[in-house]
Amino acid sequence: MITAKKMAMVDLNAAELGVSQKQLMESSGHAVAQAVKKIAEEGAKIAIIGGRGNNGGDAFVSARFLEEFKVKIYLIGRPELITGSAARENWEVLQTYGYDTQVIRDISEFKLEDPDIIVDGLLGTGITGPVREPDRSIIEMLNEADSTVVSVDVPSGIDADKGSVGISVDADLIVTFHDLKPGIKEHENVIIADIGIPKAASIFVGPGDLLPLKRPKEKHKGDFGRVMVIGGGPYTGAPLLCSLGALRAGADLAYVAVPSSISDEVQGYTPDIIVEPFDGEVLLPEHIDKLIEKSREMDVVVIGPGLGNDGKTKTAIKLFLEKCDGKVVVDADALKVIQGLEASAEIICTPHAGEFIEMGGPDLVDGLSERMEIVEKFTEELGHVVVVKGDRDIISNGKDTRVNRTGNPGMTVGGTGDILAGVVGALFCTQESLTAAAIAAYVVGKSGDLAVEEKGGYGILPTDLLPHIPTALGGKI
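Residues numbered from 1 in each chain as written. Predicted model: local features only at pLDDT ≥ 70, side-chain atom pairs only at ≥ 80, totals over all residues. Heavy atoms only, no water.

## Quick notes on the nonpolar core
Ranked by size, the top nonpolar core spans 54 residues in total, and within it V266, I273, V423, L427, V443, I469 and L473 carry the most contacts. Per element, the largest residue contribution to this core is 12 residues, and it comes from helix α14 (residues 433-455). Sequence-distant contacts of L427, that is, excluding residues within four places in its chain, are made with L213, A249, A436, I439, A440 and L473. Core analysis: the next-biggest nonpolar cluster, separate from the first, contains 43 residues, V10, V61, V71 and I197 among them. (Core = buried A, V, L, I, M, F, W, Y, C linked by side-chain atoms within 4.5 Å. Buried < 20%, exposed > 50% of the residue type's maximum accessible area, 1.4 Å probe, protein only. Helix = DSSP H or I, 4+ residues; strand = E, 2+ residues; numbered from the N terminus. Contact = heavy atoms within 4.5 Å.)

This is the structure:
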């Protein structure tokens, strides 16, 4: 089964892969028409009811494949309010070629002429609450008609995920697309039509994955996350790049917990971050209780960037992860303590191929499908989401595995992984773990592509990625 949000995602990702909305609508409409033909008698009267969304567009397409019948097409609402170019184009085709159409601007104008079959394309999978007028009256009219009703994708008024939330069309047959929707799983007569969405649209991360990021206008500071980066000591730049990545990806506040030996240097780089120094030159076990206390004020902690390999630091990292019960992104040197760790925190790990092996993972072979299988199996055993960075990033939670194709050879420069960890942290504030990790991989890779395009070559700096992150997120933050 597939939820409405996942369906919207794969639709957009299919377009990125070259299968346009127009192509999918053509296939959907054809599938509806084929189902109607199987139940329609010769000379049957068919009424096609289309709303202003893509569901209506699917219904309009079906009319062109039902010409041997007596077909009348109704648009509920004004043509200029049709959303989506593909739906609008298919309505205009019907006008151009003289199909029997009627625009219903007022409910009093809508009178069915005793059709044998009604194609219900009024509302689609986007509805999430009770139906309002005039759609409610239209649904009542369809339910009162002595006709066979064929619904497009889901019966109008049905929540695709939850089922009926009020009045809905009492469909005799549902022609749904790509996969079964949870809200209609109990219906006795459902056809699942293959409309040509490639499997890759569900595997490769694309613009459809960005849909959950859209922000409502009325929000306040802190609503989109506080991220704390624990890092630094031997290295100064890594925690700084990580925190800036988090801010560019939409976190409201970025805290950087670093040794006091480098805290002035880190703070001096930018006023955008809040530095939380701890005594000394490296992270030590005696620092952990204070950091755990501070972490409870955060939405996500990123631990690892620039911490180094000191034995006491490894002990401190392990202690932190055992005590923390929030959301944590584990990167760089901190990955070495993950194997066998007993932790209650929700963790995302961001290793490159070498660090994946240091975590206890096996060697990664060359074939993409084989690499996906290896990462998924290891992740299932590990119990944490893993992002394995490479020319194709592999993201898995042990059950679902995604692949990111953005990025380029210029991103082998040191520091891009630190930025990725920060972006993962920011997105993890508002998204579930696999979604956050997948989007982050896509966005950082896209930022690298934009940086190379801007600079005209692969000689980019990690800081070159930062200004492109909001663009790569598609203005969703």
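## As for the sheet that holds strand β2 (residues 70-76)
A sheet is described by the order of its strands in space; here 7 strands give the open sequence β3-β2-β1-β4-β5-β8-β9, paired in parallel fashion. The two strands at the open ends of the sheet, each matched to only one other strand, are β3 (101-104) and β9 (190-193). Across the sheet, the mean angle separating the axes of adjacent strands is 20 degrees when strand polarity is ignored. Where strand β1 (residues 45-50) lies against strand β4 (residues 117-121), 5 bridges are found, and the strand directions are parallel. Of the residues in β4, the one forming a bridge with I46 is I117. Against the sheet, helix α4 (residues 85-96) makes contact with β2 and β3, and its axis sits at roughly 130 degrees relative to β3, the strand it touches most. (Pairing = 2+ DSSP bridges. Axes fitted to C-alpha atoms, helices over the stretch in contact; angles between N-to-C directions.)

## A closer look at the sheet that holds strand β12 (residues 274-278)
Read across the open sheet, the 9 strands follow the order β12-β11-β10-β13-β14-β15-β16-β17-β18; overall the sheet is mixed. Each edge of the open sheet is held by one strand with a lone partner, namely β12 and β18 (401-404). Across the sheet, the mean angle from the axis of one strand to that of its neighbour is 20 degrees, orientation sign disregarded. Examined bridge by bridge, strand β10 (residues 226-230) and strand β13 (residues 300-303) share 4 bridges and lie parallel to one another. Looking across to β13, one finds that V227 is bridged to V300. Packed onto the sheet, helix α7 (residues 237-248) meets β10, β11 (253-259) and β13 and runs at close to 170 degrees relative to β11. Sheet contacts for helix α9 (residues 288-295): β10, β11, β12 and β13; angle to β10, the most-contacted strand, approximately 165 degrees.

## Considering the pairing of strand β15 (residues 346-349)
Taken residue by residue, a regular strand's side chains alternate between the two faces of the sheet. In the sheet, strand β14 (residues 327-330) pairs with β15 via 4 bridges, with the strands oriented parallel. Across the sheet, the residue bridging to V330 is C349, located in β15. Bridging between β15 and strand β16 (residues 385-388) involves 2 bridges; their strand directions are parallel. Within β16, the position partnered with I348 by the bridge is V385.

## A word on a negative patch on the surface
A cluster of acidic residues, E41, D114, D116 and D146, forms a negative patch at the surface. Relative to the helices and strands, D146 resides in the loop between α5 (135-144) and β5 (148-152). (Patch = residues over 30% accessible without salt bridge, like charges linked within 9 Å, V, L, I, M, F, W, Y side chains within 5 Å. Areas by Shrake-Rupley, 256 points an atom, 1.4 Å probe, with all protein chains shown as cover. Salt bridge = Lys/Arg side-chain N within 4 Å of Asp/Glu carboxyl O. Lys, Arg positive; Asp, Glu negative; His and termini not counted. Charge placed at Lys NZ, Arg CZ, Asp CG, Glu CD.)

## Overview of unusual backbone geometry
For residues that are not glycine, phi is negative in most cases, and the peptide bond is trans in most cases. A cis amide bond links E133 to the next residue, P134, at an omega of 0 degrees. Tracing the backbone through its elements, the reader meets P134 in the loop between β4 and α5. A positive phi angle is found at D114, which is not glycine, with a value near 50 degrees. If you check the backbone angles, D153 has positive phi at about 70 degrees while not being a glycine. With respect to the helices, strands and loops of the structure, D153 is situated in the loop between β5 and β6 (158-159). Among the residues examined, D153 registers a relative accessible area of 9% and is labelled buried.

## Observations regarding the side chain of D58
Relative to the helices and strands, D58 is located in helix α3 (residues 54-64). Buried and unpaired, D58 has no salt bridge, with K181 as the nearest side chain of opposite charge at 9.3 Å. Ignoring any residue separated from it by four or fewer positions in sequence, one finds D58 in contact with M25, S28, G29, V152 and F177.

## Remarks on the pairing of β4
With 5 of 5 residues buried, β4 lies mostly within the body of the structure. The alternating pattern of β4 places I117, V119 and G121 and I118 and D120 on opposite faces, both of which are buried. In the sheet, β4 pairs with β5 via 4 bridges, with the strands oriented parallel. Bridge assignment links V119 to a residue of β5, and that residue is V150. As a crossover connection, the stretch from β4 through α5 into β5 is right-handed. (Right-handed = clockwise from strand over helix to strand, strands pointing away.)

## Let's talk about the packing of helix α13 (residues 416-428) against α14
Two elements in contact, α13 and α14, have axes whose closest approach is 8 Å; the angle formed by their N-to-C orientations is 140 degrees. Between α13 and α14, the angle is such that the two are oblique. In this structure, α13 crosses over α14, and the sense of that crossing is right-handed. Across from T416, L420, V423, V424, L427 and F428 in α13, the residues of α14 making contact are S433, A436, I439, A440, A441 and V444. Of the residues in the contact of α13 with α14, the class split is 10 nonpolar, 2 polar and no charged. (Parallel < 35°, antiparallel > 145°, perpendicular 65-115°, else oblique. Left-handed = near helix turned anticlockwise from the far one by under 90°. Nonpolar A, V, L, I, M, F, W, Y, C, P; charged D, E, K, R; others polar.)

## Section: the pattern of salt bridges
Under the criterion given, the structure shown has 15 salt bridges. Between E80 and R78 there is a salt bridge whose closest N-O contact spans 3.7 Å. Given the relative accessible area of 40%, R78 is considered partly exposed. Between E297 and K294 there is a salt bridge; the shortest N-O distance is 3.0 Å. We classify E297 as partly exposed; its relative accessible area is 47%.

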